[in-house]
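Single-letter residue listing:
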Amino acid sequence: MIAIPAALTHWVVRMNHRNRSASWLIFAVVLATHFLEHGHGAWTWWLMALQFLVYPHVVYLRARHAEDPLAAEIQNLLLDNFCFGLWAAGLGFPLWIAYTLVICGGINLTAFRAFKGLLQALVAVAAGAALMVAVAGWRFTPDTSLRVSAMSMLCLSIYLVLFARDAHTRTVALSATRARLRKSEAALQSQLQAVESLQEQLTEQAHRDPLTGLHNRRYLNTALPREIDACARDGAALALLLLDLDHFKQINDRHGHAAGDDVLCQVAALLLQSMRPSDSCCRYGGEEFLLLLPGMGLQTAVERAQALRQQVAERRWLADGQSVQVTLSIGVACAQDAGMKPAALIDLADRALYQAKADGRNRVCAAPAEPQARADGVAAAVTPVA
């Protein structure tokens, strides 16, 4: 058998061993006084010593080394009550002695099993008493001397005080544990909020272009289907602008990549200034940008594209301290309902952008939202905008 440190023994087993040892020692003095007054023989004294002085330590060791210490201790309590029944009947049911035994045993089991425990305690006492009556016969001598009665009262009072002290100790410990749990829960909640905030930041970073701060294509893959569905539910159009910086490679070649990056950031800032709260702006490729314009029809989107193109063309651009010329070619497409697939809508805008480049750049071309430009992805005619 593996030795279990006392500190690791179940707290119920330790508490009951302490209370049983102390209260039963006091009760042994009560019984000894009663034995002296009635002249009981030596065998009765030996039985009393075994029951009230040795027995508490034997059942403690049994519960301590059991696979289920708590269940073993409940069995010990039932055995206590059975023995109390034996003693009560064997002594002839002396009133205060029998009452003290029965009420203490009942309190013990009631504390752990409520009224079910009280009923079990009474049944165990009755079983012990019945066995003693069956073996030794019925005897009823309820009277006890004033001294024994007073000592029984004192023993019962001491036991109740010990029981109340343990209840108070457990209440204080439980309150402290609950306070620690609340504190730990608050700390855990704070950590969870920090983790959620970090996750949101990481998600936001994953959906942002590190250079311009605009949304990236990963964000677009989620946002575009959502916007198409939302506009379809509202019965509104969704315009898409695909913008490309004309001859951007020449800016990098002539002025350096730092200047090119500066131009991209400035153009991104200009696009953000022109956006409504419902719009989305993404860096679609190296020098390509994409705008999602919910609730905007094709004609309005073309006008918006023309305004952006003119702003860029008329602005004096400085990149990395150097003067550069920047123009935009823009392709415009529009989805009227949920029948348009995201890839088809982007393809329409890309074809329009290609046409704008083929027509000389620095211009806007629109792809009309015709029935053939739907989920089947069939190319529609591209309309140049003067």
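Starting from 1, residues in each chain are numbered consecutively following that chain's sequence as written. Per-residue local features are limited, in this predicted model, to residues with pLDDT of at least 70; the limit for side-chain atom pairs, both in listing and counting, is 80 or more; totals at the level of whole chains, interfaces and linings are taken over all residues. Each side-chain value is worked out from all heavy atoms of the structure, with water and hydrogens disregarded.

Q: So, the overall build of the protein: which residues are in play, and what are the values?
A: Runs of H or I in DSSP of at least four residues are treated as helices and runs of E of at least two as strands, each being numbered from the N terminus. Within the protein one finds 10 helices and eight strands. If you line up the protein on its principal axes, its C-alpha atoms span 130 × 50 × 40 Å. Whether two residues are in contact is decided by their heavy atoms: any pair within 4.5 Å suffices. Across the protein, contacts joining residues at least 24 apart in sequence account for 73% of those joining residues at least 6 apart. Charge counting treats Lys and Arg as positive and Asp and Glu as negative, with His and both chain ends excluded. Positions of charges follow a simple convention, taking NZ of Lys, CZ of Arg, CG of Asp or CD of Glu. Computing the positive centroid from 34 side-chain charges and the negative centroid from 32, the protein places the two 11 Å apart.

Q: Tell me about the packing of aromatic side chains, and please be specific about residues and values.
A: Aromatic rings from Phe, Tyr and Trp, with only the six-membered ring used for Trp, were paired whenever their centres fell within 6.5 Å, and each pair was classed as stacked if the ring planes differed by under 30 degrees, edge-to-face if by over 60, and tilted otherwise. In this structure the tally under the stated criterion is 11 aromatic pairs. Look at F27 and F52: their rings are 5.5 Å apart centre to centre, the planes differ by 45°, and that puts the pair in the tilted class. Of the two residues, F27 sits in helix α1 (residues 11-38) while F52 sits in helix α2 (residues 42-64), which places them 25 residues apart along the sequence. Considered together, F27 and F52 belong to a single accessibility category, that of buried residues. Ring centres of W96 and Y99 lie 5.7 Å apart, and the angle between their planes is 90°; this geometry places the pair in the edge-to-face category. Of this pair, W96 and Y99 both sit in helix α4 (residues 95-136), separated by three residues, roughly a single helical turn. Taken together, W24, F27, F35, W45, F52, Y55, F84 and W87 form an aromatic cluster joined through their ring pairs. A cation sits over an aromatic face here: R20 above W24, 5.9 Å from the ring centre. Across from the ring centre of W11, 3.8 Å away, lies the NZ or CZ of R170, which sits over that ring. Relative accessibility under 20% of the residue-type maximum defines a buried residue, over 50% an exposed one, and the middle range a partly exposed one, all with a 1.4 Å probe and only protein chains included. Should the NZ of a Lys or the CZ of an Arg lie within 6 Å of a ring centre and within 35 degrees of the ring normal, that charge is described as sitting over the ring.

Q: How would you sum up a nonpolar patch on the surface? Please name residues and give values.
A: Together, L25, W43, L47, L50, L53, V54 and V58 make up a nonpolar patch on the protein surface, roughly 680 Å² of accessible area in all. Looking at the nonpolar patch, the element that brings in the most residues is α2, giving six residues. When you line up the elements, V54 lands in helix α2. On the basis of relative accessible area, V54 is assigned to the partly exposed category, the value being 41%. Patches draw on residues past 30% relative accessible area with no salt bridge. Two like charges within 9 Å are joined, as are two nonpolar side chains (Val, Leu, Ile, Met, Phe, Trp, Tyr) within 5 Å. For the area figures, the Shrake-Rupley method with a 1.4 Å probe applies, and any residue is considered shielded solely by the protein chains shown. Salt bridges are counted wherever a side-chain nitrogen of Lys or Arg sits within 4 Å of a carboxyl oxygen of Asp or Glu.

Q: Now, about the packing of α2 against helix α3 (residues 69-90): what can you tell me, with residues and values included?
A: Only C-alpha atoms enter the line fits that serve as axes; for helices the fit covers just the stretch in contact. Angles between N-to-C directions range over 0 to 180 degrees. Contact geometry for α2 and α3: axes closest at 9 Å, N-to-C directions at 170°. The angle between α2 and α3 falls in the class roughly antiparallel. On α3, the residues touching T44, L47, M48, Q51, F52, Y55, V59, R62 and A63 of α2 are P69, A72, E73, Q75, N76, L79, D80, C83, F84 and W87. Amino acids outside the nonpolar list (Ala, Val, Leu, Ile, Met, Phe, Trp, Tyr, Cys, Pro) and the charged list (Asp, Glu, Lys, Arg) are all regarded as polar, and Gly is one of them. Each residue belonging to the contact of α2 with α3 can be placed in one class, and the counts come to 12 nonpolar, four polar and three charged. Reported orientations rely on four angle classes, namely roughly parallel under 35 degrees, roughly antiparallel over 145, roughly perpendicular from 65 to 115, and oblique for the rest.

Q: Please set out the side chain of H17 residue by residue, giving values where relevant.
A: Along the chain, H17 turns up in helix α1. We classify H17 as buried; its relative accessible area is 19%. By the criterion applied in these results, polar contacts are pairs of N or O atoms within 3.5 Å in which, for protein atoms, one can donate a hydrogen and the other can accept it, and in which residues neighboring in sequence qualify only through two side-chain atoms. Reaching out from H17, the side chain makes a polar contact with the side chain of H57 at a distance of 3.0 Å. Among residues more than four places away in sequence, those in contact with H17 are P56, H57 and Y60.

Q: Help me get a handle on the nonpolar core, residues and values and all.
A: In this structure, L241, L243, L245, V263, F289, V326 and V332 are the most contacted members of the largest nonpolar core, which totals 34 residues. Sorting the residues of this core by element identifies β1 (238-245), α7 (248-255), α8 (257-273), β3 (288-294), α9 (298-314), β4 (317-319), β6 (328-335) and β7 (364-367) as the ones contributing at least two each. Among the elements that line this core, the one with the most residues is α8, at seven residues. For L241, the contacting residues outside a window of four places in its chain are F289, L290, L291, L293, A301, R304, A305, L308, I330, G331 and V332. Membership of the second largest hydrophobic core comes to 26 residues, among which are I228, L240, L353 and A367. As used here, the term nonpolar core means buried Ala, Val, Leu, Ile, Met, Phe, Trp, Tyr and Cys residues forming a set that is joined through side-chain atoms within 4.5 Å.

Q: Tell me about the pattern of salt bridges, and please be specific about residues and values.
A: Oppositely charged side chains are able to pair whenever their charged atoms sit close together. Counted by the stated rule, this structure contains 11 salt bridges. When the shortest N-O distance is used, the salt bridge between D244 and K357 registers 3.3 Å. Within this pair, whereas D244 is found in strand β1, its partner K357 is found in helix α10 (residues 342-358), the two being separated by 113 residues in sequence. Its relative accessible area of 3% is what places D244 among the buried residues. Linking D279 and R276 is a salt bridge whose minimum nitrogen-to-oxygen distance equals 2.7 Å.

Q: Explain unusual backbone geometry to me, and be specific about the residues and the numbers.
A: For A114, which is not a glycine, the phi torsion comes out positive at approximately 55°. For A114, the position within the fold is in helix α4. Even without glycine at this site, R361 takes up a positive phi of about 70°. Within the element layout of this structure, R361 appears in the loop between α10 and β7.

Q: Tell me about the packing of α1 against α4, residues and numbers included.
A: Here α1 crosses α4 at 175°, and the two axes come no closer than 12 Å. Of the possible angle classes, the one that applies to α1 and α4 is roughly antiparallel. Contacts from V12, M15, N16, F27, V30, L31 and H34 of α1 reach α4 at I97, T100, L101 and F112. Among the residues forming the contact of α1 with α4, the class breakdown is eight nonpolar, three polar and no charged.

Q: Account for α3, with residues named and values stated.
A: Working rule for helices: expected span equals 1.5 Å times residues minus one. The first and last C-alpha atoms of α3 sit 31 Å apart over 22 residues, in line with the 32 Å expected at 1.5 Å per residue. Residue G92 follows α3 closely and has a positive phi angle near 85°.

Q: Tell me about the environment of L243, residues and numbers included.
A: Within the fold, L243 resides in strand β1. Residues L243 and D350, spaced 107 residues apart in sequence, show a C-alpha to C-alpha distance of 9.1 Å. Sequence-distant contacts of L243, that is, excluding residues within four places in its chain, are made with L271, E287, E288, F289, L290, L291, L308, L328, S329 and I330.

By themselves, these are just geometric observations and shouldn't be taken as functional.
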